[in-house]
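Tertiary structure, described
Below are the chains, spelled out letter by letter.
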Amino acid sequence: MPALTSSAVDLIAQLNCGETSSFALTETCLQTISAQDANIRAFLSTNAEASLAQAKAIDEKRKAGQPVGKLAGLPIAIKDNMCTRGMKTTCASRILENFVPPYDAGVVEKLKAADAVLVGKTNLDEFAMGSSTENSAFQVTRNPWNVEHTVGGSSGGSAAAVAARMVPGSLGSDTGGSIRQPAGFCGVVGMKPTYGRVSRYGLIAYASSLDQIGPFATDVASAALLLEVISGHDGRDSTSVDRPVPEYSQTVEQPLTGLRVGIAREHFVEGLDREVEAAIKQSFDVYRSLGAEIVELSLPHSKYAIATYYLIAASEASSNLARFDGVHYGHRAAKFDNLIDMYSASRGEGFGPEVKRRIMLGTYALSAGYYDAYYLKALKVRRLIRRDFDAAFERCDVLASPIASTPAFRLGELVNDPLAMYLSDIYTISANLAGIPGLSLPCGLSSTGLPIGLQLLAAPFEEETLLRAARMFERATEWHTKTPPA
Amino acid sequence: MAEPLTKETVTKVAHLARLKLSETELDLFTTQLGQVLGYVELLNELDTTAVEPMAHVADIANVFRDDEVRPSLPRAAALSNAPKTDGKFFVVPQILEEG
């Protein structure tokens, strides 16, 4: 049986040299999911029969000497807000409980074209709204490092599936930190690319100007390979950028000389957990020892990021989620008086509390008399936040910071206090407002055995710099080799 | 701004958002949204009169393509997730009142 402790890149090498088969690997993943997921609850659905058939077909293709894709035979899990043709896509919402998309998302097409094997769909906060995966209508995902703690969110299922070594890689989406924060909480690598780098076609929209799809993996090189496969222009997403995709997997092993690592003083203020602070400061020492220069700088508008984000994201959500009206797809109430009542009843029954809260906040912020004071104001502050980063990246190549103020918080700790939950996104949200790429990688363990994540950010389309800088750190440390206790 | 959020306003917003909420939800959201709106007042510290709003970060203006006929979803696939159809159309309750 192939060991799932190997990284995606290593598993592909094993597949290429015939050391293992995709069928055996996929079977191992499915068995591991059966054995472990009753406890972790990362998956909303698995695709056992079809994925084994797909794996077998790829094995035969490879055996016959036919050309195969870059991920040939690699089992992958996908967050359940990306459309998969013929496979349920629920957004962890009652309103889409039985939705079976008639088409594949752009990233799913790319994974299939690269001969990846889609083993299942992972849990999330409903419509990707949340920071703990507790807002799922179906189940709460638990942290493989300590099941009493959250996995973070919203892509918590995808992070946990990789952390528990149920799959070697997965996709998530990141609107305010939803890939990076769960990666940090689960001790894996998670990456949000530049806005426009990866097609959003078939990603069920939460906040369209902020959403971006990205990979989870157990190491930086595997994240680089997954990113390379899913990146690229797609005419079906009008914000998809038409520029060449670098071969991230080919350059990731090359260290950067003269690397300048920026640290923002606003990231080291009251509220930052002492162990997290110590781990992040040790990371700076690692970079110093590798010859990097540490540059202290300022992001003066940092403290406005959360307020800006929640106004913009909620406004966009209120507009995007208007499509769920009980007509074309999704839940329709059984009892209603007229057309308007059918909409309101269907939505009232189908959406969970956090989704309702954000739709309400967005509707309020966009409504007559409040638009200028809330939504327009937030768009202006967004520009100030972007300018902070433009100025910062004139002085450094990557910015290093914590991913969150604390390691994974406890289940139930913040879920009844929406504002406190929003405030927990302090370190990740600005990157979405500015549209820049970011990555989380393991940089420590707390005294209670919970992972600590280091966030690196870079200028737009500098994914290659980001990955190479991350790989330098990874090569010099052993945090990425730590796995959750059995 | 800054006047406290009332249950009446929350009820009105729920109607605009087409969300049927229970009395309990209306009470809870009045409190919780009030807290969030109180928090976002923070932005008023900043003078943004000379700042252009930034709706999105992509350096893209209009994206055009040729107006060509291309394949689209077959009708059966488009209707496959609908709560109610007659096999040809989406079926909704009567929209116009009887005259």
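Because the structure is a prediction, the values reported are computed rather than measured. (Residues numbered from 1 in each chain as written. Chains lettered and ligands numbered in written order. Predicted model: local features only at pLDDT ≥ 70, side-chain atom pairs only at ≥ 80, totals over all residues. Heavy atoms only, no water.)

**Things to note about the overall build of chain A**
Selection rule: We count a stretch as a helix when DSSP gives it H or I for four or more residues in a row; a strand needs E for two or more, and each element gets its number in order from the N terminus. A radius of gyration in this sense is built from C-alpha atoms; the matching globule rule multiplies 2.2 Å by the number of residues raised to 0.38. When accessible area is computed with a 1.4 Å probe and restricted to protein chains, residues below 20% of their type maximum are described as buried, those above 50% as exposed, and intermediate ones as partly exposed. Contact criterion: two residues are considered in contact whenever any of their non-hydrogen atoms come within 4.5 Å of each other. Under the convention used here, a 1.4 Å probe and the Shrake-Rupley method define accessible areas, while residue burial counts only the protein chains that appear. In this tally, Lys and Arg are treated as positive and Asp and Glu as negative; His is ignored, and so are the chain termini. To locate a charge, take NZ of a lysine, CZ of an arginine, CG of an aspartate or CD of a glutamate.
Each helix and strand in chain A was counted, giving 16 helices and 13 strands. For a compact globule of 486 residues, the expected C-alpha radius of gyration is about 23 Å, and chain A comes in at 21 Å, within 12% of that figure. With respect to the three principal axes, the spread of C-alpha positions in chain A is 65 × 55 × 45 Å. Within chain A, the proportion of its 486 residues that are buried is 67%. For chain A, long-range pairs separated by at least 24 residues make up 76% of all intrachain contacts whose partners lie at least 6 apart in sequence. Summing over all exposed atoms, chain A offers an accessible surface of approximately 15,900 Å²; the carbon and sulfur share of this is 49%. Computing the positive centroid from 46 side-chain charges and the negative centroid from 52, chain A places the two 3 Å apart.

**Here we look at the overall build of chain B**
Each helix and strand counted, chain B has 3 helices and 0 strands in total. The secondary structure elements of chain B, listed N-terminal to C-terminal, are α-α-α. Looking at chain B residue by residue over its 99 residues, the buried ones come to 29%. Long-range contacts, defined here as pairs at least 24 residues apart, represent 28% of the contacts in chain B between residues at least 6 apart. Taken as a whole, chain B presents about 7,100 Å² of accessible surface, with 54% of it coming from carbon and sulfur.

**Here's the deal with the packing of helix 12 (residues 353-366) of chain A against helix 1 (residues 7-16) of chain B**
Basically, it comes down to this: In this analysis, axes come from line fits to C-alpha atoms, helices being fitted only over the stretch in contact, and the angle between any two N-to-C directions falls in the range 0 to 180 degrees. Roughly parallel refers to an angle under 35 degrees, roughly antiparallel to one over 145, roughly perpendicular to one between 65 and 115, and oblique to any angle outside these ranges.
Between helix 12 of chain A and helix 1 of chain B, whose axes approach to 9 Å, the crossing angle comes to 95°. Accordingly, the angle class assigned to the pair helix 12 of chain A and helix 1 of chain B is roughly perpendicular. From helix 12 of chain A, Met 360, Thr 363 and Tyr 364 of chain A reach across to helix 1 of chain B, where they touch Thr 9, Val 10, Val 13, Ala 14 and Leu 16 of chain B.

**Quick notes on the layout of surface pockets**
Residues and elements named next belong to chain A. Cut-off, in case you're wondering: Within this scheme a cavity is a closed region of a 1 Å grid, computed over the protein atoms alone, that accommodates a 1.4 Å probe without allowing it to escape, whereas a pocket is open but has protein on both sides within 12 Å along at least five of seven lines; lining residues each have an atom within 4 Å of a point. Grid points are joined across faces, edges and corners, and a volume is the space filled by probe spheres set on the points. Just so you know the grouping, Ala, Val, Leu, Ile, Met, Phe, Trp, Tyr, Cys and Pro go in nonpolar, Asp, Glu, Lys and Arg go in charged, and all remaining residues, Gly too, go in polar.
Approximately 500 Å³ is the volume attributed to the largest pocket. Forming the boundary of the largest pocket are 24 residues, of which Cys 83, Tyr 103, Gly 202, Arg 323 and Tyr 329 lie nearest the centre. When grouped by side-chain class, the residues that make up the lining of the largest pocket number 15 nonpolar, 5 polar and 4 charged.

**A short note on the packing of aromatic side chains**
Put simply, the rule reads: Pairs were defined over the aromatic rings of Phe, Tyr and Trp, the Trp ring being its six-membered one, requiring ring centres within 6.5 Å. Orientation was assigned from the angle between planes: stacked under 30 degrees, edge-to-face over 60, tilted for the rest. Lysine and arginine charges are scored as sitting over a ring when NZ or CZ, respectively, is within 6 Å of the ring centre and within 35 degrees of the ring normal.
Per the stated rule, a full pass over the model turns up 16 aromatic pairs over all chains. Between Phe 127 of chain A and Phe 351 of chain A the ring centres are 5.9 Å apart and the planes differ by 70°, which places this aromatic pair in the edge-to-face class. One end of the pair, Phe 127 of chain A, is in the loop between strand 3 (117-122) and strand 4 (142-143); the other, Phe 351 of chain A, is in the loop between helix 11 (339-350) and helix 12, and 224 residues separate them in sequence. Both residues of the pair, Phe 127 of chain A and Phe 351 of chain A, belong to the buried class. Among the aromatic residues, those joined into a cluster by ring pairs are Phe 99, Phe 127, Phe 324, Tyr 329 and Phe 351 of chain A. Cation over ring: Arg 243 of chain A sits above Phe 461 of chain A, and NZ or CZ is 4.0 Å from the ring centre. When the ring centre of Phe 89 of chain B is taken as reference, the NZ or CZ atom of Arg 75 of chain B above it lies at 5.5 Å.

**Quick notes on the sheet that holds strand 9 (residues 260-264) of chain A**
All names here are of chain A. Selection rule: Two strands pair if DSSP finds at least two bridges between them.
Taken in spatial order, the 11 strands of this open sheet run 1-3-2-6-8-7-12-13-11-9-10, and their pairing is mixed. Among the strands making up the open sheet, the edge pair consists of strand 1 (43-46) and strand 10 (293-297). Averaged over all pairs of adjacent strands, the angle between strand axes in this sheet comes to 30°, irrespective of strand direction. Looking at chain direction, strand 7 (residues 189-192) and strand 12 (residues 438-445) are connected through 3 bridges and run antiparallel. Bridge pairing in strand 12 places Gly 190 opposite Ser 440.

**As for the environment of Gly 156 of chain A**
Residues and elements named next belong to chain A. With respect to the helices, strands and loops of the structure, Gly 156 is situated in helix 5 (residues 156-163). Classification of Gly 156 by relative accessible area gives buried; the value is 0%. Placed 24 residues apart in sequence, Gly 156 and Ser 132 show a C-alpha to C-alpha distance of 6.9 Å. When sequence neighbours within four positions are dropped, the list of residues in contact with Gly 156 reads Asn 123, Thr 133, Thr 141, Val 151 and Pro 182.

**So, helix 1 (residues 8-16) of chain A**
Because an α-helix packs 3.6 residues into every turn, residues spaced three or four apart end up facing the same way. Residue and element names in this part refer to chain A. Selection criterion: By construction, the arc corresponds to the directions joining the helix axis to the C-beta atoms.
The complete set of buried residues in helix 1 reads Ala 8, Leu 11, Ile 12, Gln 14 and Leu 15. Looking straight down helix 1, one finds that the buried residues subtend no more than 160° of arc, so they occupy a single side. Looking at the buried side of helix 1, the elements it contacts are helix 2 (22-40), helix 3 (48-63) and helix 7 (220-230). In the stretch just after helix 1, Gly 18 is the one whose phi turns positive, near 80°.

**Concerning the pairing of strand 8 (residues 213-217) of chain A**
In regular strands, side chains alternate between the two faces of the sheet. All names here are of chain A. Counting buried positions along strand 8 gives 5 out of 5 residues, so the element sits mostly inside the fold. In this structure, strand 6 (residues 169-173) lies alongside strand 8, joined through 5 bridges in antiparallel fashion. In the sheet register, Ser 173 faces strand 8, and the bridge partner there is Ile 213. Relative to strand 8, strand 7 is paired through 2 bridges, and the arrangement is antiparallel.

**Re empty space enclosed by the protein**
One pass over the full model with this rule turns up 5 cavities of 30 Å³ or more. Taken as a whole, the largest cavity spans an internal volume of roughly 80 Å³.

**Things to note about a nonpolar patch on the surface**
Residues and elements named next belong to chain B. Put simply, the rule is: Residues form patches when they are more than 30% accessible in relative terms and have no salt bridge. Like charges link within 9 Å. Nonpolar side chains (Val, Leu, Ile, Met, Phe, Trp, Tyr) link within 5 Å. Salt bridges are identified by distance alone: a Lys or Arg side-chain nitrogen within 4 Å of an Asp or Glu carboxyl oxygen.
The grouping of Val 92, Ile 95 and Leu 96 at the surface amounts to a nonpolar patch, some 290 Å² of accessible area in total. Mapped onto the elements of the fold, Val 92 is located in the segment after helix 3 (75-79). What makes Val 92 partly exposed here is its relative accessible area of 31%.

**A few points about the nonpolar core**
Residue and element names in this part refer to chain A. The condition is simple: Side-chain atoms within 4.5 Å link the members of a nonpolar core, which is a set of buried Ala, Val, Leu, Ile, Met, Phe, Trp, Tyr and Cys residues.
Counting 92 residues, the largest nonpolar core has Leu 71, Leu 111, Tyr 287 and Leu 456 as its most contacted members. The element that contributes the greatest number of residues to this core is helix 7, accounting for 9 residues. Ala 207, Ala 313, Tyr 374 and Ala 378 belong to the second largest nonpolar core, which has 77 residues in total.

**Focus: helix 2 (residues 23-40) of chain B**
The cut-off we apply is this: To estimate how far a helix should extend, the number of its residues minus one is multiplied by 1.5 Å.
A rise of 1.5 Å per residue sets the reference length of helix 2 of chain B, with its 18 residues, at 26 Å; its end C-alpha atoms lie 26 Å apart and thus fit the reference within 8%. Within the span of helix 2 of chain B, buried status applies to Glu 25, Leu 26, Phe 29, Thr 30, Gln 32, Leu 33, Val 36, Leu 37 and Val 40 of chain B. Summarising the contacts, the buried residues of helix 2 of chain B are in contact with helix 10 (305-320), helix 12, helix 13 (372-395) and helix 14 (418-423) of chain A together with helix 1 of chain B.

**Some remarks on the state of the cysteines**
Residue and element names in this part refer to chain A. Test applied: Cysteine sulfur pairs qualify as disulfides if the two atoms are within 2.5 Å.
Within the structure shown, the criterion is met by 0 disulfides over all chains. Left without a disulfide partner, Cys 186 is nearest to the cysteine sulfur of Cys 443, which lies 14 Å away. On the basis of relative accessible area, Cys 443 is assigned to the buried category, the value being 3%.

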